[in-house]
Amino acid sequence: MSEIIGGYFTSHVPAIGGAIAKGLQKDPYWKPFFDGYPPIAEWLNEEKPDVAVVFYNDHGLNFFLDKMPTFAVGAAEEYNNADEGWGLPVCKSFRGDSALSWHIIEQLVADEFDITTCQKMLVDHAMTIPFQLVWPARDAWPVKIVPVAINTVQHPLPSAKRCLALGRAVGRALESWESDDKIVVIGTGGLSHQLDGERAGFINADYDRFCLDHLMDDPEALVGDSIAGIVEKAGTQGVEILNWIAARGALGERPLKKRTENYHIPISNTAAASLVLEAV
Ligand code: DHB
Ligand code: FE
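Residues numbered from 1 in each chain as written. Chains lettered and ligands numbered in written order. Predicted model: local features only at pLDDT ≥ 70, side-chain atom pairs only at ≥ 80, totals over all residues. Heavy atoms only, no water.

Draft legend 1. Highlighting the environment of Val148. In this fold, Val148 is placed in strand 7 (residues 144-150). As for Val148 and Met127, which are separated by 21 residues in sequence, their C-alpha atoms are 10 Å apart. Not counting chain neighbours up to four residues away, the residues in contact with Val148 comprise Val53, Val54, Phe55, Tyr56, Ala72, Val73 and Leu166. (Helix = DSSP H or I, 4+ residues; strand = E, 2+ residues; numbered from the N terminus. Contact = heavy atoms within 4.5 Å.)

Draft legend 2. Molecular detail of the coordination of the iron ion (ligand 2). Protein coordination at the iron ion (ligand 2): the donors are His12 (NE2), His59 (NE2) and Glu240 (OE), at 2.0 to 2.2 Å from the metal. The motif formed by the donor residues of the iron ion (ligand 2), counted along the single chain, is H-x46-H-x180-E. One end of the pair, His12, is in the loop between strand 1 (3-10) and helix 1 (14-21); the other, His59, is in the loop between strand 2 (51-56) and strand 3 (71-74), and 47 residues separate them in sequence. We classify His12 as buried; its relative accessible area is 4%. His59 sits in the partly exposed class, given a relative accessible area of 31%. (Donors = N, O, S within 2.8 Å, 3.2 Å for Na, K, Ca; no water. Buried < 20%, exposed > 50% of the residue type's maximum accessible area, 1.4 Å probe, protein only.)

Draft legend 3. Region of the structure containing the pattern of salt bridges. Scanning the model with the defined rule gives 13 salt bridges in all. The salt bridge involving Glu46 is made with Arg259; its shortest N-O contact spans 3.1 Å. Pair noted here: Glu46 is in helix 3 (residues 38-47) and Arg259 is in strand 9 (residues 256-267), with a separation of 213 residues, a long-range link. Here Arg259 falls in the partly exposed class, since its relative accessible area comes to 28%. Among the salt bridges present, the one from Asp213 reaches Arg209, with a minimum N-O distance of 2.9 Å. Taken as a pair, Asp213 and Arg209 lie in helix 7 (residues 205-214) at a separation of four residues, close to a single helical turn. Judged by relative accessible area, which is 32%, Arg209 ranks as partly exposed. Where salt bridges share partners, they join Glu46, Lys257, Arg259 and Glu278 into one cluster. (Salt bridge = Lys/Arg side-chain N within 4 Å of Asp/Glu carboxyl O.)

Draft legend 4. Representation of helix 5 (residues 125-134) in the model. Counting buried positions along helix 5 gives 10 out of 10 residues, so the element sits mostly inside the fold. Residues of helix 5 that are buried: His125, Ala126, Met127, Thr128, Ile129, Pro130, Phe131, Gln132, Leu133 and Val134.

Draft legend 5. Layout of the packing of aromatic side chains. Per the stated rule, a full pass over the model turns up 10 aromatic pairs. Ring centres of Tyr29 and Trp30 lie 5.1 Å apart, and the angle between their planes is 80°; this geometry places the pair in the edge-to-face category. A residue is classified by how much of its surface remains accessible, and Tyr29, at 37% relative accessible area, is partly exposed. Given the relative accessible area of 8%, Trp30 is considered buried. Taken together, the ring pairs in this structure connect Tyr29, Trp30, Phe33, Phe34 and Tyr37 into an aromatic cluster. Between the NZ or CZ atom of Lys92 and the centre of the ring of Trp141, over which it lies, the distance is 3.9 Å. Of note, Arg199 hangs over the ring of Phe202, and the distance from its end group to the ring centre comes to 3.9 Å. (Phe/Tyr/Trp six-rings, centres within 6.5 Å; stacked < 30°, edge-to-face > 60°. Lys NZ or Arg CZ within 6 Å of the ring centre and 35° of its normal.)

Draft legend 6. How the structure looks around helix 9 (residues 241-250). The buried fraction of helix 9 is high, at 10 of 10 residues. All buried positions along helix 9 are accounted for by Ile241, Leu242, Asn243, Trp244, Ile245, Ala246, Ala247, Arg248, Gly249 and Ala250. Within two residues after helix 9, Gly252 carries a phi angle of roughly 65°, on the positive side.

Draft legend 7. Spatial organisation of the nonpolar core. Val53 and Phe55 are the most contacted members of the largest nonpolar core, which has 54 residues in total. Broken down by element, this core gets its largest block of residues, eight residues, from helix 6 (residues 160-175). One finds Met121, Ala126, Trp135 and Ile145 within the second-largest nonpolar core, a separate group that totals 41 residues. (Core = buried A, V, L, I, M, F, W, Y, C linked by side-chain atoms within 4.5 Å.)

Draft legend 8. The site of ligand 1, seen in detail. Within the structure, ligand 1 sits among 13 residues, and His59, His125, His193, Ser268 and Thr270 are positioned closest to it. In the environment of ligand 1, an oxygen atom lies 3.2 Å from a nitrogen or oxygen atom belonging to the side chain of His12. Residue Ser268 places a side-chain N or O atom 2.6 Å away from an oxygen atom belonging to ligand 1. Burial of ligand 1 by the protein amounts to 96% of the accessible area it has alone, namely 290 Å². Of the residues that constitute the shell around ligand 1, the class distribution is five nonpolar, seven polar and one charged. (Near = heavy atom within 4 Å. Polar contact = N/O pair within 3.5 Å; in protein donor to acceptor, adjacent residues only side chain to side chain. Areas by Shrake-Rupley, 256 points an atom, 1.4 Å probe, with all protein chains shown as cover. Nonpolar A, V, L, I, M, F, W, Y, C, P; charged D, E, K, R; others polar.)

Draft legend 9. Layout of unusual backbone geometry. With an omega dihedral of 10°, the bond running from His155 to Pro156 counts as a cis peptide bond. Relative to the helices and strands, Pro156 resides in the loop between strand 7 and helix 6. Positive phi values are uncommon outside glycine, yet Lys48 reaches one of about 50°. Residue classification places Lys48 among the exposed positions, given a relative accessible area of 56%. Of note, Glu112 is a non-glycine position whose phi angle comes to about 70°, a positive value. Within the secondary structure layout, Glu112 lies in the loop between helix 4 (98-110) and strand 6 (116-118).

Spelled out as structure tokens, the structure:
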């Protein structure tokens, strides 16, 4: 049977890609943030997963406001990145695991999740930055991917409760996937941030701490708020915590251990965090 090794959760601020391109990891502004990642890279090097199931949100590269699926699952053999206008180098492409994608899609639809399936899909900084942070300087990514995109951009957004349920359904699909693959679950985005409007620059360290403290053992504690309530606490883009919640759901009920955690304010406009919940 396939094995789920655990979850890797991280912010995906585009400026991180610029810092990587310029080699600024040791720069005083960046060091406290980048220091969170060598332990994660070490864990991944030990475990050597074959596939990553990645819960993230697209920011307008693949889906624009004219067509916005609530939940979309990639089912491609290959996923390309493209220029989003952040001034970042275009990232190398990702290999897809389309067989696992279709298994997850079949199981989700059977489980009454009305998802969108994407056999062509561009992936943006919410996919590329988390990969660059833990697998730097590689000719090719060492894992295949299954992207699961959640709409955190155009309201109405799915509730946190529904995202947790989606994640749990993906987790059940992974449990029934017959292969020798090692699977890592990834959730990207957050933590608190607001890029626009009167509260631009808003960060809420208390809410972030609450999320980091409860995600592993009590994810239900994160799903009591409405979307408006999460926006109030986390900021308009802080709702990207939905991706973390879904990824936590995919880890299911198995025992978990917090392997590493880092929290640093701010990176660009964002309270930046990384976390590994290891299956034990
Ligand atoms: C920033 C954060 C994000 O999550 C994002 O998608 C884009 C920009 C930022 O803080 O600059
Ligand atoms: Fe984002």
